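Survey of secondary and tertiary structure
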Amino acid sequence: MTQVNDGWIKTTCAYCGVGCGVEARPLSSGKLEVRGDKSHPSNYGKLCTKGIALGDTVIHDGRLLHPTLKMGSRTEALSWDSATQLVADKFTQAIEQYGRDSVAFYVSGQLLTEDYYVANKLMKGFMGSANIDSNSRLCMASSVVGHKRAFGSDTVPVCYSDLEQAELVVLVGSNLAWCHPVLFQRLRAAKQDNPNLKVVVVDPRETETCNIADMHLSIASGGDVALFNGLLSYLEENEALDTDFIAAHTNGFNETLKVAKSEASIEQKTGLSRCQLDDFYQLFSQTEKVVTVYSQGVNQSSQGSDKVNSILNCHLATGKIGKVGSGPFSVTGQPNAMGGRETGALANTLTAHMEFDNVEHHQLVSDFWQTDCLARQPGLKAIDMFDAMAEGKIKAVWIMATNPMVSLPDSKKIKAALDACPFVVVSDCIADTETSRMADLVLPAQGWSEKSGTVTNSERRISRQRRVLPSPGQAKADWWVISQVAQKMGFGHAFDYIHEGEIFSEYARLTTIGNAHGERDLNLIGLTQLDDRGYSELTPQQWPVQSMQSQPVEQRFFSDGRFFTPDGKARFVAVKHNDPRSQCKSAVPLLLNSGRTRDHWHTMTRTGLSAQLGSHAPEPYVTVHPATAERYQIQPDDVVAICNSQGEVLARCRISDEVSRQQVFMPIHWNSVTAKNSKPCSLIIPNTDIASGQPEFKHTPVNIRPIRFNSSGLVVSKQVLECSAYEYWVRQKVEGGYLYRIESMLTQSKLSLSLQALVDRTSATRLSVLSQSGGAADTMTAYAGEALFAVVSTCQSHNKLDEEVLIEAFHSPESHLLESAVISA
Ligand SMILES: Nc1nc2c(c(=O)[nH]1)N[C@H]1C(S)=C(S)[C@@H](COP(=O)(O)OP(=O)(O)OC[C@H]3O[C@@H](n4cnc5c(=O)[nH]c(N)nc54)[C@H](O)[C@@H]3O)O[C@H]1N2
Ligand SMILES: Nc1nc2c(c(=O)[nH]1)N[C@H]1C(S)=C(S)[C@@H](COP(=O)(O)OP(=O)(O)OC[C@H]3O[C@@H](n4cnc5c(=O)[nH]c(N)nc54)[C@H](O)[C@@H]3O)O[C@H]1N2
Ligand code: SF4
Ligand SMILES: [Mo]
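Quantities reported herein were computed from a predicted structural model and do not represent experimental measurements.

Close to ligand 1 lie 35 residues, the nearest being Asp-203, Gly-222, Ser-295, Arg-596 and His-600. Between Trp-178 and ligand 1, the recorded distance is 3.2 Å, taken from a backbone N or O atom to a nitrogen atom. At 2.9 Å from a nitrogen atom of ligand 1 is found a main-chain nitrogen or oxygen belonging to Arg-598. Protein chains bury 99% of the 910 Å² of accessible surface belonging to ligand 1 in isolation. Its residues placed into classes, the shell around ligand 1 shows 9 nonpolar, 18 polar and 8 charged.

As a matter of local geometry, ligand 3 sits amid Cys-13, Tyr-15, Cys-16, Gly-19, Cys-20, Leu-47, Cys-48, Lys-50, Gly-51, Pro-181 and Val-182. Only helix H1 (49–52) and helix H7 (181–193) provide two or more residues apiece to the shell around ligand 3. Per-class residue counts for the shell around ligand 3 are 8 nonpolar, 2 polar and 1 charged.

Before going further, it helps to spend a moment on the sheet that holds strand E21 (residues 590–595). Where strands meet in a sheet, backbone hydrogen bonds hold them as pairs that are either parallel or antiparallel. Reading around the circumference, E21-E25-E22-E24-E23-E26 is the order of the 6 strands in this closed barrel, with mixed pairing throughout. The mean inter-strand angle of the sheet, taken between neighbouring strand axes irrespective of direction, is 45 degrees. Relative to strand E26 (residues 700–707), strand E23 (residues 639–644) is paired through 5 bridges, and the arrangement is antiparallel. Considered in E26, the bridge of Val-640 is made with Pro-706.

Here we come to the environment of Met-489. For Met-489, the location among the structural elements is in helix H20 (residues 478–491). A sequence separation of 231 residues divides Met-489 from Val-720, and the C-alpha atoms of the two residues are 40 Å apart. Among all residues touching Met-489, those that are not within four sequence positions of it are Ala-88, Phe-91, Thr-92, Ile-95 and Met-127.

In this structure, Phe-91, Phe-105, Leu-227, Phe-280, Trp-398 and Leu-524 are the most contacted members of the largest nonpolar core, which totals 108 residues. With 8 residues, the top contributor of residues to this core is helix H3 (residues 113–127). Excluding anything up to four places from it in sequence, Leu-227 contacts Val-202, Leu-217, Ile-219, Thr-270, Leu-272, Leu-277, Phe-280 and Tyr-281.

What follows concerns the packing of helix H8 (residues 224–237) against helix H14 (residues 304–317). Axes are the key here: two packed helices are described by the angle between their axes and the distance separating the axes. Between H8 and H14, the least distance of the axes is 8 Å, while the angle of their chain directions is 20 degrees. Between H8 and H14, the angle falls in the class roughly parallel. Between H8 and H14 the crossing geometry is left-handed. In this structure, H8 contributes Asp-224, Val-225, Phe-228, Leu-231, Leu-232 and Leu-235 to the contact, and H14 contributes Asp-306, Lys-307, Ser-310, Ile-311, Asn-313, Cys-314 and Ala-317.

Between its terminal C-alpha atoms H20 stretches only 17 Å, short of the 20 Å expected from 14 residues at 1.5 Å a residue. In terms of residue burial, H20 counts as a mostly covered element, since 10 of its 14 residues are buried. Burial in H20 covers these residues: Asp-478, Trp-479, Val-481, Ile-482, Ser-483, Gln-484, Val-485, Ala-486, Met-489 and Phe-491. If you follow the buried residues of H20, they end up packed against helix H2 (80–98), H3, strand E14 (396–400), strand E15 (423–428), strand E16 (441–444) and helix H21 (500–510).

Turning to the side chain of Thr-287, a few remarks are in order. By secondary structure assignment, the location of Thr-287 is in the loop between helix H12 (274–286) and strand E12 (290–294). If near-sequence neighbours (up to four positions away) are discounted, Thr-287 is found in contact with Glu-167, Leu-168 and Lys-320.

For the rest of this paragraph, the subject is the sheet that holds E14. The 7 strands lie next to each other as E5-E4-E16-E15-E14-E6-E7, forming an open sheet whose pairing is mixed. Of all strands in the sheet, those with a lone pairing partner are strand E5 (74–77) and strand E7 (132–134), marking the two edges. Strand-to-strand twist of the sheet, defined as the mean angle between neighbouring strand axes without regard to direction, takes the value 15 degrees. Where H2 meets the sheet, it contacts strand E4 (68–71), strand E6 (103–107), E14, E15 and E16, and its direction lies at approximately 130 degrees from that of E16. Each of E6, E7 and E14 touches H3; the most contacted strand, E6, lies at about 165 degrees to it.

So, how was this worked out
- Residues numbered from 1 in each chain as written.
- Chains lettered and ligands numbered in written order.
- Predicted model: local features only at pLDDT ≥ 70, side-chain atom pairs only at ≥ 80, totals over all residues.
- Heavy atoms only, no water.
- Near = heavy atom within 4 Å.
- Polar contact = N/O pair within 3.5 Å; in protein donor to acceptor, adjacent residues only side chain to side chain.
- Areas by Shrake-Rupley, 256 points an atom, 1.4 Å probe, with all protein chains shown as cover.
- Nonpolar A, V, L, I, M, F, W, Y, C, P; charged D, E, K, R; others polar.
- Helix = DSSP H or I, 4+ residues; strand = E, 2+ residues; numbered from the N terminus.
- Pairing = 2+ DSSP bridges.
- Axes fitted to C-alpha atoms, helices over the stretch in contact; angles between N-to-C directions.
- Contact = heavy atoms within 4.5 Å.
- Core = buried A, V, L, I, M, F, W, Y, C linked by side-chain atoms within 4.5 Å.
- Buried < 20%, exposed > 50% of the residue type's maximum accessible area, 1.4 Å probe, protein only.
- Parallel < 35°, antiparallel > 145°, perpendicular 65-115°, else oblique.
- Left-handed = near helix turned anticlockwise from the far one by under 90°.
- Expected span 1.5 Å × (residues − 1).

Put into structure tokens, the structure is as follows:
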């Protein structure tokens, strides 16, 4: 294992696609110390808030410890042998009885490449169905389609340093400051060093990213194709095309330009003024080195693939690709979103950037895996997979490292689908997630710091995640569990791995077959000879890897003007603006946009364990423009119901002009484990991009209304509380326990009694009142028993409660503290 001084072990961050190098050191106290790896070319020692807090999240709170069979309210712990036998039996039976396509895997960009490779090999190669899809469908699928259409391959051509060497960075639908923070820090530093470096942000919201922007284009939701079609026309009209590059290295320009020029009413479609458009177009056309970064504002749209191609068209038309400081740059979300695309764990690709529609590829992979039942056709993409499940067509599903009850659109439908599926297996690190609640069998997985393997970041750089801590209970590596099941299904010869390094070498060899002359972009020939030690000590490698890189290299694709299409030329793709699928009407006059907050990760199973991370955004919120708030009679900090025909969710209102009058914005993180009812996905309509299958998460017509409660409460408790009886509640991790914010229709005194009873019920022993302060209007009471210590405070109105005082009292329950904490009504 690569160790540096004093027991520090090099690994890679658990979170975003920047893929920062981390050094971690277990302390004798059981804590994990974490710092940035100065030698890692992603971050050169820097970390963001989430990276810094990694040590807080390796605690064992809430971990799933044993394979567990669930039968209604009864559960039974199983041995690994019986659990994997059960999975093997159920999948085998389903295939025998209902055919190969009656089974499915739904996997995730949070798996390691080795896990991904084995899952894909088992489903496509041996179960013989391509029904394996990844949550990358929700994330990167439109970029994959755009890349393949334009380049003939799913290739991200650039390096991170291009951001620093560019003269213009355009960020389209990317809140880089919060979602790729270390990359943002690098861009901000580059801008400080080079005042000529300009930044343009294209986002309906004025995000934190706009703090470094020279120009913010507050585009109307879904207006991106029109924006870039307008740019293409402008480039032609102003003689800013690279005609040599177009002639030598591309096809389809004239047709694409014609369609772009026919794009009418660009101002109206983008919601931008002529002057704003011209300023941006002029900047793009007059700047030689331009990087266009794009993310979920582009991908998560019913026009996602077309948005991607409208951007790629502009880079191809100006030859701004394959050069230092230039290129289109799809930043990836999850730590191993790229690894999934590489190993092929998406339903519509084979593996290792080989495709179903290529007969030669099919043969190569069949021979390599020595199988005669390799799937012949693409399988079901995520949304279709759950639709098929709801229709009873999927008899067994295995969900790994993703939480679809929270993250897929139309939560009610997802629940119905899982209800309808006779055998649901969920592999997760955490015992209680909304998805594990739906499982028949849950399997404990090793988490970050316990698992070992590789991940690929946004600039195609492969880094090792290393084991630094032992795993709790019986948690196992996902690749091991999948291999056990494969063996029990009778495919032992192909899944007899004993170490993750063997899997990596096999995968590296697969990338080289039929690829001797640069036929495909993805080639790891330089890593096929790694022995155990080489794998163990592997330093970051950027693909393609011709030979082992002893120092970090920087390679750009397409520098030679050669693309991966049959004739080697890039393709322009003619695209036209289409309105997003669902439109506002009087019952649903506002648009719900959804995305991320700075300090939480997805469904909070990890960031929800850190008190430090919990404080930045303590509650689910909805951002509403001041004029909209006034129109709907919403006061600051009101709880607001956001609703449409699919359902209703609750969030605390933030009034701010960072959103437009027509939009409201909600973060995606809270769900019924951490709040009453605050998942935007309950409202998201499952409209998808036809080409990519990616859902339109950023454009859902909704209505809103404030809710007034009669009383509010705060509870800090050592234990998790069951709060479903209250109209609104949210849980936040604090040091040593949990803070609950509660809103109720009860009178304050009744709420006090009810919370007292709740605290009593939760504790096994009868609690005594340690101290009590305040009168009838405000009370604060501390309870102690062997099992539970809690502090409760109630009030008539939310904003009279002081959580800091309460948390302080929780940590030092002396009565004098409580005395001073009486809050005046
Ligand atoms: N803190 C944090 N960081 C993360 C994650 C996390 O959960 N928390 N998740 C990771 C993952 S998996 C991903 S995929 C990335 C996502 O990273 P980002 O894509 O940067 O994040 P989002 O907040 O989903 O959306 C980006 C922006 O798109 C804008 N947008 C909405 N509609 C449109 C539109 O029509 N056009 C344009 N141009 N913009 C629009 C939104 O207002 C939003 O600000 O973040 C990664 N990093
Ligand atoms: N409304 C709306 N919805 C969205 C989005 C949006 O912008 N708006 N964004 C979408 C995007 S881009 C994404 S990427 C998804 C993310 O959505 P999900 O993938 O559903 O979110 P996570 O919380 O990351 O789920 C990962 C789960 O895997 C577990 N886990 C972590 N590591 C491991 C491991 O090594 N092995 C196993 N077996 N389990 C592990 C975690 O405990 C957690 O329960 O959400 C999508 N949904
Ligand atoms: S930028 Fe991303 S990879 Fe880097 S420390 Fe932050 S979350 Fe981790
Ligand atoms: Mo994502």
